[in-house]
Structure formats: C-alpha cells, structure tokens
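Results of the structural survey
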Amino acid sequence: MGTKSIRHIVEGTLATYLSAQTVLSGITFLTGDSAATQTLPKAVVLVDSARAPGDLPEGLGNYACSVRITVFSNADDTTLADHRARCAALSGNMRDLTSIQAAFVSSGDATCYDVTIGSEDEGVDERSWATSFGFDLLVVLPPA
C-alpha cells in the first residue's frame, strides 16, 4: 500500500493486536508517533528499523523490522511483581505467531511471516517501572 510506510503498518497492527488481548486490558498501547496523552500503564510499539532481509531480494516488499515494545507502569500504584506479570502477558502474546499473522491479515496492509523474540531489558525510573522488549518481524507488502 503506497500511502503507509512499513513502519506505520507494523506499529499500528501490533498496537491494535495487543490492545485486543484481554490479559493486557488496562494497558494503553501507543505507536511510536502517537500524540495521545500518555498515562500509565502504557506500552509504546516502535519500529526502530525496517530493512531488506539479507537472504531475500531487495525491492520486492520484503522487510525485516526491528520492533521495540516498552511497557511502563507507575511504581506508586503497581508492584514490581504486577509489572512483571504484565510483561509476561505481553511476551506470551508476542509468541503467538498464528494470532499475529491473523492480525496482519485483518489489517490488509502487509503479511507477517515470522516473529523472532529478542531481548528483554528492565529499567526503573524515579516513579515508574519500564521493561523493553526487542522483536524482529519478517513482513511483506503486497505488490502495488
């Protein structure tokens, strides 16, 4: 689709997919370019990079997307155990390749072929918990 970038497609599809998961209810999912008022708990879905995969031809709509999803919880009203439970739920949903592929089919903008789990990094701010997940997605845009 020529009106959307692959980054917007991947961010939007994953944010919509994760927002629909009942185990993640209460978390607001935002895309990297969202201007929405940000309250906690929230998660930001950001495509850090989109590049042609090394083993597939360039210029055919194939993309290896590095995705970072960061979950933020308010440390004043959320225990670390509760924050980690949210993170475990997010990680579990990102391991469900069949459901993620179905979300891309529903969007109609691209096809997802694979999700590779990367890193999980935890941090703490003065008043919040933050955990960042890294994923690689192999997606293909339909021919124009």
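Above this text sits the structure in question.
All of the points below concern the structure found in this document.

Rules and cut-offs
- Residues numbered from 1 in each chain as written.
- Predicted model: local features only at pLDDT ≥ 70, side-chain atom pairs only at ≥ 80, totals over all residues.
- Heavy atoms only, no water.
- Helix = DSSP H or I, 4+ residues; strand = E, 2+ residues; numbered from the N terminus.
- Buried < 20%, exposed > 50% of the residue type's maximum accessible area, 1.4 Å probe, protein only.
- Contact = heavy atoms within 4.5 Å.
- Pairing = 2+ DSSP bridges.
- Axes fitted to C-alpha atoms, helices over the stretch in contact; angles between N-to-C directions.
- Core = buried A, V, L, I, M, F, W, Y, C linked by side-chain atoms within 4.5 Å.
- Salt bridge = Lys/Arg side-chain N within 4 Å of Asp/Glu carboxyl O.
- Left-handed = near helix turned anticlockwise from the far one by under 90°.
- Nonpolar A, V, L, I, M, F, W, Y, C, P; charged D, E, K, R; others polar.
- Polar contact = N/O pair within 3.5 Å; in protein donor to acceptor, adjacent residues only side chain to side chain.
- Parallel < 35°, antiparallel > 145°, perpendicular 65-115°, else oblique.

1. Remarks on the side chain of T13
Locating T13 in the fold gives a position in helix α1 (residues 6–19). T13 sits in the buried class, given a relative accessible area of 7%. What T13 contacts, discounting residues up to four positions off in sequence, is A103, F104 and S107.

2. Notes on the sheet that holds strand β4 (residues 111–124)
Whenever strands of a sheet pair, they do so through backbone hydrogen bonds, lying parallel or antiparallel. Strand order across the open sheet formed by five strands is β1-β2-β3-β5-β4, with mixed pairing between neighbours. With partners counted over all chains shown, the strands left at the sheet margins are β1 (28–31) and β4, one partner each. The sheet shows a mean angle of 20° between the axes of neighbouring strands, taken without regard to direction. Pairing geometry for strand β3 (residues 62–74) and strand β5 (residues 128–140), over 13 bridges, is antiparallel. Paired with A64 across the strands is L138, a residue of β5.

3. Focus: the nonpolar core
In this structure, V10, V67, L90, F104 and L137 are the most contacted members of the largest nonpolar core, which totals 32 residues. Where this core is concerned, the elements lending two or more residues are α1, β2 (42–51), β3, α2 (80–94), α3 (97–107), β4 and β5. Here the element with the most residues in this core is α1; it accounts for seven residues. When sequence neighbours within four positions are dropped, the list of residues in contact with L137 reads V10, L14, Y63, A64, C65, V67, F104, C112, D114 and V115.

4. Re the pattern of salt bridges
Evaluation of the coordinates by the stated rule reveals three salt bridges. Of the charged contacts in the structure, one is a salt bridge between E122 and R84, with a shortest N-O distance of 2.7 Å. You can see E122 sitting in strand β4 and its partner R84 sitting in helix α2, a full 38 residues away along the chain. Overall, the relative accessible area of 41% leaves E122 in the partly exposed class. What makes R84 partly exposed here is its relative accessible area of 44%.

5. Quick word on the packing of α1 against α3
Helix-helix packing is characterised by the crossing angle of the two axes and by the distance between the axes. Closest axis-to-axis distance for the α1/α3 pair is 10 Å, and the angle between their directions is 115°. By crossing handedness, the relation of α1 to α3 is classed as right-handed. Side by side, α1 and α3 meet where I9, V10, T13, L14 and Y17 of the first sit next to S99, I100, A103, F104 and S107 of the second. Looking at side-chain class alone, the contact of α1 with α3 contains seven nonpolar, three polar and no charged residues.

6. Focus on the side chain of S73
Take S73: it is sitting in strand β3. For S73, the side chain forms a polar contact with the side chain of R86, separated by 2.8 Å. Those residues in contact with S73 that lie beyond four places of it in its chain are L40, P41, T78, H83, R86, R127, S128 and W129.

7. Regarding the pairing of β2
The sheet contact formed by β1 and β2 spans four bridges and is parallel. Counted as the bridge partner of L30 is V44 from β2.

8. Structural notes on the packing of α1 against α2
Where α1 meets α2, the closest approach of the two axes is 11 Å, and the angle between their N-to-C directions is 120°. Between α1 and α2, the crossing angle belongs to the class labelled oblique. As α1 packs across α2, the resulting crossing turns out to be right-handed. Contacts from L14, Y17 and L18 in α1 reach L90, N93 and M94 in α2. Across the contact of α1 with α2, the residue classes break down as five nonpolar, one polar and no charged.

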